[in-house]
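Below, each chain spelled out in residue letters.
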Amino acid sequence: MPPARGHEKFSPEENASFFSKVTYSWYSRVITLGYKKPLEREDLFELNESDSPYTVCPNFEKQWRKEVLRTTKGLKAPCNKKVPSKTSLHKPCLLYPLWQTFRYLLIKVGLLKVAADILAFVSPQIMKEMINLYKNHSDLHWNGYRYALALLLVVILQTVIHQLYQRFNMLTSVKIKTAVVGLIYRKALTLANCARRKYTSGEIVNLMSSDAQQLMEMAVNLNLLWSAPFQILMAIIFLWQELGPSVLAGVAVLVLVIPINAFVAAKVKCLKKSQMKTADQRVKLLNEILHGIKILKLYAWETFYQKKVMEIREHEIDVLKSSGYLATFSMLTLTCIPFLVSLATFGIYFLLDEENVLTAAKVFTSISLFNILRLPLFDLPAVISAVAQTKISLGRLEDFLNSEDLDPQNIDTNYSANHAVGFIDASFRWDENSTQILNNLNVRIPEGALVAVVGQVGSGKSSFLSAILGEMEKLEGTVQRRGSVAYVSQQAWIQNSILQENILFGSGLNKPYYERVLEACALLPDLEQLPNGDQTEIGERGVNISGGQKQRVSLARAVYSNADIYLLDDPLSAVDVHVGKHLFEKVIGPSGLLKNKTCILVTHSLASLPQTDLIIVMEAGRIADMGNYQELLSKRANFAELLQVFSTESKNEETLPIKSDSYSLKGGSQKSYTLPQNEFLGPNDSSFLDQKKAFPVKKEKVPTGSTEMSIILKYLQAFGWLWIWLSLAAYLGQNALAIGQNLWLSTWTAEVEQTNDLTEWKQLRDNKLGIYGLLGLIQGLLVCYGAYVITRGSLSASRVLHHQMLDSVLHLPLQYFETNPVGQIINRFTKDMFMVDVRFHYYLRTWLNCTLDVLGTILVITSASPLFILIVIPLGYLYFTIQRYYIASSRQIRRLAGASHAPVISHFSETLLGAPTIRAFGHEERFVRQNKDVVNENVVYFYNNVISNRWLAVRLEFLGNLMVFFAALFAVMAGSTVSSSVVGLSISYALNAPWLTSKRPPVGWPSKGIIEFINYQARYRTDLGLALQEISFQTRSQEKVGIVGRTGAGKSTLTNCLFRILERAGGKIIIDGIDISTIGLHDLRSNLNIIPQDPVLFSGTLQSNLDPLGKHSDLELWEALELGDLKNFVQSLPKKLLHEVSEGGENLSVGQRQLVCLARALLRRTKILVLDEATASVDLETDHLIQSTIQKEFDNCTVLTIAHRLHTIVDSERVLVLNSGRIVEFDTPHNLLRQKGVFSEMVTEAGITYDTDA
């Protein structure tokens, strides 16, 4: 059942009268409200319960489960074994459960379609009787009025039934899409890792946004599969009555066209498959680019990745071009088939019997039937193409839905022993393509124990936790686990919601315990700084909070869940030492909130090991040793060595001398200041939220009012003015020729009535038939040409708009991506570009045809019945009034619907990223409900859009019906003064009325690496205060500078300004004599170097991640890998440098990703290097390696280091201390400690001592 909402507004349809229901008058209140003001969510009607996802999804999922059991008997082969051939031949099919779920609705829609089709053939028969009435001049008026009234009643009934069909057809199709989206979402939550690695997040999102949409569109056109042949058959039967066996000539033309349509459909299928594959690649790459946008900007890779996207896009455009040309050919056959059918039929009609004469009744009845024939002939190729496309989408969906699920039997929860977690001879790997990761694990972890898992980068620590969660493929052995689980991943997963909801994670609010958790997780100081406390909205992936804060929110979520087992994957890596100590004491340690819980902690910090109950040492995927602290210290020399080097706890005050200037104090003595090696600077440093960066997360803005002319002009410019004028000329020409054809037939039949001589009639016949054929041929060529120029123009617009949008997005400031969800941006490149690529030119073609047809119809009827002009004026006024009244509401509903699509994608993408966390907490069903909530919002807008369209269609078609009635009525009133041919022409037309900057730095810049800030000021938004104030300092060439400061001091802001991620509010930055504001961003960033805190990798080869621009040789790459301690690892890979890196680098550990980033920096070799807490995700040994490599390899560079661990700045020549956006100290560490200022205070607060004797 849907959750209660304050704004629910249930549809009044059930209580409406019959007249109100068939005319949709019950919806008029929304249309009226929309005319008065822009519509909002609360103004719209809710779905009926039977139409909502809360009802549709469970019903469909039940049928899908039945299908799975029916076809596979519940058995699936594991990922590492081949599926038996019998099973693979009978994999579950999506169509059967869809039919079982929606069959009654589909039958209802089908019956309405039958009734509407039959009524379409009644009108030509009434017209035939009216023409005969005029020909015979018998009882003209009374019978004429009777036929005119009958015609009105028939077309009104046809309108009512057709609009009911359209309404139920559209709502049934969206229910099918809703059901499939719900199933895809549920499947994504249970997907086994071996299957998950086959699909990137972008590909899975594409299944939901594109393939499910394709299934919906097929459902809309489903009835045309039988309706089109049915209408063709009915038309042939009625044509037989008019023209006899000669109609078989027309049938023969139709039969000849079938192979052509089959060929076109086959080609379309291939092209669609290629286009979808290319679109997947484009969306996947865009998804990665947007999630790694900061790295792209810091490394000035925008241009390179823009070219990569455009290369894929060009291939996609080529495929769309081929599809467009096939559509042009289809338009030619569409136009020519009715004309060829009529030409062949009339020609054979004359040949069968020389005395056969075409009368007005025969001609215009036949023409009306040919016009009816046109629509199914137009629809049939489109439906055949849609079937081909849907078959591809069904295959993709079925492959995904039949992928392997996680096996809950991998974890044994029923065992008699009293341990919380146990491994018995257990071995694991990630998938069938990977090597064995964990080997022969044997360990039992008692309930309530605190266990530390330690080891070097890539030793299998995180995989150990994944095996406990059941995320890995078990090869052999047993995994035992008892009780509920809470999980903190190494890279914190944060939801796009308020901070409190991130912590509660679906649980109820227990205020006292909640506050204890906040205090224990050191979040209270942050809440004081946040603009709305714990009600502050956190952006997608936590973009508006720091890494340390994300990790502590993630830890608070786990603690608040009050689970039995806690799996903590290095949660202390992103926080400062005093915060880490606080978290250990208050949360994880023997006296913390988790003191009676089973807690398994992966850690690189060895200081806390003496307080643990058990230590597991991992080496190369094996448990190398385990025991408590003292046991391991006594029996493992290498473990003791490790502790001796890195642990501050093994000695009370292990110290390390700081470089200092020798300098005399009073009495001529000298002091040498020393600091413990493994300590952190500052009580709160950069792990807390900088209030100045707390951007509010923007909801998608829904525009109001009419579409701006500038937008229309932008599209027309992208389309190309040449193609626009050629399109108008082609469509004007083809419509003029279509009118000319029918006028020619009208004058022909009029002359026949006046010709008594058979010989004269034969001469007239041959002449008239030849000209009729010539007019049809020229019209067909113009239709073909019109379709061609619109295709060329639309593809030009697609290319230009995509390029402009991509270029704009990639060059937006970083703050834009911190305040706008990625799903919202991706929506522009997927759904909106799909409209521009595929739909818009179709809508443009339809609009041109309808507009010109309406004008042509009015001209023809007015010329036949001049009195009709008296009706055209009021009907035209009513038409435009209704349109104006309706369009305000319709436009706003469409905009709201478009905006509601992005939250569906964002929520889905967010779920894919956090699936392991969601599964660990056992919250799958809650997230399924959340998905139904966002889908329900989208469907509510769709429902209101469908009803508003029906409201308009009923009224416009009623005006069209009045046009038919008055055309017939005036013909009756004109009596014998009007010929039967003119009457036929008038009524047949009425029946078919379609309602870089120029300044570049010199080569080799910067050559010295001297950075100078002069009175520099910066702010994050114009409505906020200055984040940096009057910053002035200068580095020396090749100097090593450490940057420290408290919360909100401006450390990260300073580096952002150096890369111009944040532009100045005053002052300037000069590097080697050049003001960086005077050169282009690309020139600036490509000459600076950074190793970021978050190690971002892109899918592709290891080589492309190291050197995306292809500037370096393989030898240089191997040298960089060797310096980054990755050479042995890469050499062990089967493809070495060509090893495929999965999306986000998920097939590498976080530490390995950080080393890849180090190797990447080593390749750039610029004169300025920034270290932004670059060693947060690695163990202490690897951290030591990175620091040694940087000292050696970047000895001739200027290095700016934002401090995290103390030894990262211990060798700095000077330290820059920031406070509240100002420089408070800048000197050598030795001098700063002597001054007893902010730096000295921070050192003292961190519990660091220094030796005063030297």
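So, a few notes on the structure that sits alongside this text. Residue positions are given per chain, counting from 1 as you read along its sequence in written order. Only residues with pLDDT of at least 70 get local features here, since the model is predicted, and only at 80 or more are side-chain atom pairs given and counted; chain-wide, interface and lining totals rely on the full set of residues. As a rule here, side-chain values cover all heavy atoms of the structure and leave hydrogens and water aside.

What follows covers unusual backbone geometry. Geometrically, the link from W1005 to P1006 is a cis peptide bond, its omega value of -10 degrees lying close to zero. Counting from the N terminus, the helices are DSSP H or I runs at least four residues long and the strands are E runs at least two residues long. Along the chain, P1006 falls in the loop between α30 (980-991) and β13 (1011-1018). Here the phi dihedral of Y24 falls at roughly 60 degrees; this positive angle occurs in a residue that is not glycine. Burial classes follow relative accessibility: with a 1.4 Å probe on protein chains only, a residue under 20% of its type's maximum area counts as buried, one over 50% as exposed, and anything between as partly exposed. Taking the relative accessible area as the measure of exposure, Y24 reaches 1% and is therefore buried. Phi is positive for E1030, close to 50 degrees, though the residue is something other than glycine. Counting through the fold element by element, E1030 comes out in strand β14 (residues 1028-1034). Classification of E1030 by relative accessible area gives partly exposed; the value is 42%.

This paragraph deals with a positive patch on the surface. Two distance rules govern patches: like charges are joined within 9 Å, and nonpolar side chains (Val, Leu, Ile, Met, Phe, Trp, Tyr) within 5 Å, applied only to residues with over 30% relative accessible area and no salt bridge. The method behind every accessible area is Shrake-Rupley, applied with a 1.4 Å probe, and residues are considered shielded solely by the protein chains displayed. By definition here, a salt bridge exists when the distance from a side-chain nitrogen of Lys or Arg to a carboxyl oxygen of Asp or Glu is within 4 Å. Neither His nor the chain ends is counted toward charge; the positive residues are Lys and Arg and the negative residues Asp and Glu. Charged groups are reduced to one reference atom each: NZ for lysine, CZ for arginine, CG for aspartic acid, CD for glutamic acid. Taken together, the side chains of K269, K273, K277 and K391 present a region of like positive charge at the surface. One can find K277 in helix α11 (residues 247-291). The class for K277 is exposed, based on a relative accessible area of 56%.

This next bit is on the environment of T603. Within the secondary structure layout, T603 lies in the loop between β8 (598-602) and β9 (614-619). Residues T603 and D569, 34 residues apart in the sequence, show an inter-C-alpha distance of 7.1 Å. Contacts were defined at the residue level, with two residues in contact if any of their heavy atoms lie within 4.5 Å. If sequence neighbours within four positions are ignored, T603 has contacts with A452, V453, V454, D570 and L609.

Before going further, it helps to spend a moment on the packing of aromatic side chains. Stacked, edge-to-face and tilted labels apply to pairs of Phe, Tyr and Trp rings (six-membered ring for Trp) whose centres lie within 6.5 Å, assigned for plane angles under 30 degrees, over 60, and everything in between, in that order. Per the counting criterion, the structure on display carries 24 aromatic pairs. Judged by centre distance (5.6 Å) and plane angle (40 degrees), the rings of Y185 and F908 are tilted. One end of the pair, Y185, is in helix α7 (residues 140-190); the other, F908, is in helix α28 (residues 869-921), with 723 residues separating them in the sequence. Grouping residues by exposure puts Y185 and F908 together as buried. Relative to Y788, the ring of W723 lies with its centre 6.5 Å away and its plane at 85 degrees, an arrangement referred to as edge-to-face. Residue W723 is located in helix α24 (residues 721-754), and its partner Y788 is located in helix α25 (residues 758-810); the two are separated by 65 residues in the primary sequence.

Right, let's get into the packing of helix α2 (residues 28-36) against α28. Two elements in contact, α2 and α28, have axes whose closest approach is 8 Å; the angle formed by their N-to-C orientations is 85 degrees. With respect to each other, α2 and α28 are oriented roughly perpendicular. Between α2 and α28, the contacting residues are V30, I31, T32, G34 and Y35 on the first element and R884, Y885, Y886, A888 and S889 on the second. Simply put, an axis is a line fit to the C-alpha atoms, just over the touching stretch for a helix, and the angle between two N-to-C directions goes from 0 to 180 degrees. Every angle not falling under 35 degrees, over 145, or within 65 to 115 is termed oblique; those three ranges are roughly parallel, roughly antiparallel and roughly perpendicular.

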